[in-house]
Amino acid sequence: MGAAPMWSAKCTYLTQVAHRFAGLDGSDPEPVVVKFFGIFFFFFQCNSILGNIISTSVLSSGKTEVYTDLSDADMAKCGSAYCPAQLISSSNITETAEPSASADDIENENFKTDITKIYIIAGIYLVCSISAALIIAFFVDPLTRFGEDERKEGKEKLTGRQLLVATFRHMKKKNQILIIPLTFWSGIEQGFFGADFTAGFVTCAYGVHVVGRVLIVFGVCDALASVGFGFIIKLVGRVPIFILGACINLAVIIVMLTWTPTASSVAVVYVLAALWGIGDAIWQTQINALYGVLFASDEEAAFSNYRLWESMGFLLAFITQACGVC
C-alpha cells in the first residue's frame, strides 16, 4: 500500500523535472526523460547491491554448515524441475515424521534459515527505510520549485476520489491499452526473478547464503545498464532497445528450461542473473520513460495505471510460486 503512491509520485516527479530541464536546455524531452529514469534506476539498483551485501554478510556469518552440499543427482530436482509444491509436501512429511516417506520427499536443507538472522536483516532494512524517508522529507525540493504551480494554473485540482476515477478513465485511451501487456510483463519478470529464480536455481541448488551474491551481480548489471541505455537510446531509438530486452529474456528462459544445475556449473547462475539484470534495466527505464513521454500532460493517472498493471504482474508471479504451481 505504501509502494503504490510512492512510485507514482516518483515517476511524476522525475517526468516533470526532466521536461523542465529539457525546456531550459532547448532539447527534445524524450531522451532527457529516459536519461533521468536511467540515473534513478542506477541508484535504485545500487541499493539492491548494498542490501544484498548486508544479507549475504548476515546469512554467511556464524555457522555455515547448515547449508547442504547437494550431489548432482539431488540438484536435478532444482532449476526448471524445482516445484514449490514438493517443498510444501516435504515439510508436512517432516513434521508428521512418517517412516514411509520416500527419498524424493526429504526436505531440502538449503531452505532452512536461522530466524534470528532474518530479524537482524529486517531490523537493518527498517533503519535504512526510515532514514530514506527522512532524507526525502527534508532534502528533496518540491515540484513547486520547478514551475508546477504555473503548469497547473487554470486546471481544476483533483481530489483523491476524482484522481481514482481519472485513473480508470485513463484505461480507455488507445496508447494505454496497447502498453498494458508490456507493463504486465514488467511485473511478471521481476516477480519471477525474485521468487522462482532465486528459489529454484539458487537456494535449492547452492543454499540461501548464495542468493545475496547472485543478486549483487544482478544489481550491478542492472544499475550499469540503466545508465547505459539512457545514452544509447539517442543513437538507436527505443524500438531496438525493447527488442534487445525481449531477446535477452527469451535467451535466458531457453537456457533455464534446458540447463540443470550442477556443483561445477554455479557460474551459470551468475551469468543468467547478469543477463536478466540487463533485461530488467531495459524494461524499468524504457517503460517508465515511455509513460512519461506518451502521457506528459496526465502523469498522475498514467503512472497510477503503470503501478496497477505492474503490480498485477507481480501478483501473478508470486501467487503461482506461493501456491506451488509447477
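Structure's up top.
Residues numbered from 1 in each chain as written. Predicted model: local features only at pLDDT ≥ 70, side-chain atom pairs only at ≥ 80, totals over all residues. Heavy atoms only, no water.

S.K.: Hey, could you run me through the overall build of the protein chain in this one?
M.R.: Looking only at helices and strands, the protein chain has 12 helices and 0 strands in total. For the protein chain, the α and β elements follow one another from N to C terminus as α-α-α-α-α-α-α-α-α-α-α-α. A burial count over the protein chain gives 41% of its 326 residues as buried. Contacts in the protein chain between residues far apart in sequence, at least 24 positions, make up 84% of those at least 6 positions apart. Summing over all exposed atoms, the protein chain offers an accessible surface of approximately 17100 Å²; the carbon and sulfur share of this is 69%. (Helix = DSSP H or I, 4+ residues; strand = E, 2+ residues; numbered from the N terminus. Buried < 20%, exposed > 50% of the residue type's maximum accessible area, 1.4 Å probe, protein only. Contact = heavy atoms within 4.5 Å. Areas by Shrake-Rupley, 256 points an atom, 1.4 Å probe, with all protein chains shown as cover.)

S.K.: Whenever I open this one, the packing of helix 9 (residues 211–236) against helix 10 (residues 238–258) confuses me. Can you help?
M.R.: Think of two packed helices as two axes; the pair is described by the angle between the axes and how far apart they sit. Running from amino to carboxyl end, helix 9 crosses helix 10 at an angle of 125°, the nearest separation of the two axes being 7 Å. By the angle class used here, helix 9 and helix 10 are oblique. Where helix 9 approaches helix 10, its residues Phe229, Ile232, Ile233 and Val236 are matched on the opposing element by Arg238, Pro240, Ile241 and Leu244. Counted by class, the contact of helix 9 with helix 10 contains 7 nonpolar, no polar and 1 charged residues. (Axes fitted to C-alpha atoms, helices over the stretch in contact; angles between N-to-C directions. Parallel < 35°, antiparallel > 145°, perpendicular 65-115°, else oblique. Nonpolar A, V, L, I, M, F, W, Y, C, P; charged D, E, K, R; others polar.)

S.K.: Can you help me understand helix 12 (residues 299–322) in this one?
M.R.: With 24 residues, helix 12 ought to run about 34 Å at 1.5 Å a step, and its terminal C-alpha atoms sit 34 Å apart, in line with that. The complete set of buried residues in helix 12 reads Glu299, Ala301, Ala302, Phe303, Asn305, Tyr306, Arg307, Glu310, Gly313, Ala317 and Gln321. (Expected span 1.5 Å × (residues − 1).)

S.K.: It is not clear to me how the packing of aromatic side chains should be interpreted in this structure. Could you clarify?
M.R.: By convention here, two paired aromatic rings are described through the distance between centres and the angle between planes. Scanning the entire structure with this criterion turns up 16 aromatic pairs. With a centroid separation of 5.9 Å and an interplanar angle of 85°, the aromatic rings of Phe41 and Phe44 are classed as edge-to-face. A residue pair is termed a helical-turn pair when its members lie 3 or 4 positions apart in one helix, as Phe41 and Phe44 do in helix 2 (residues 29–60) at 3 residues. Here Phe41 falls in the buried class, since its relative accessible area comes to 1%. Taking the centre distance of 4.9 Å and the plane angle of 15° together, the rings of Phe193 and Phe197 count as stacked. (Phe/Tyr/Trp six-rings, centres within 6.5 Å; stacked < 30°, edge-to-face > 60°.)

S.K.: What should I look at first to understand the pattern of salt bridges in this one?
M.R.: Opposite charge on two side chains makes pairing possible when the charged atoms of those side chains draw close. The tally for this structure, following the rule as stated, stands at 1 salt bridge. A salt bridge links Glu310 to Arg307; the nearest nitrogen and oxygen atoms lie 2.3 Å apart. Separated by 3 residues within a single helix, Glu310 and Arg307 lie in helix 12, roughly one turn from each other. Of the two residues, Glu310 and Arg307, both sit in the buried class. (Salt bridge = Lys/Arg side-chain N within 4 Å of Asp/Glu carboxyl O.)

S.K.: It is not clear to me how the side chain of Asn249 should be interpreted in this structure. Could you clarify?
M.R.: Tracing the backbone shows Asn249 in helix 10. Among residues more than four places away in sequence, those in contact with Asn249 are Trp185, Trp276, Gly279 and Trp283.

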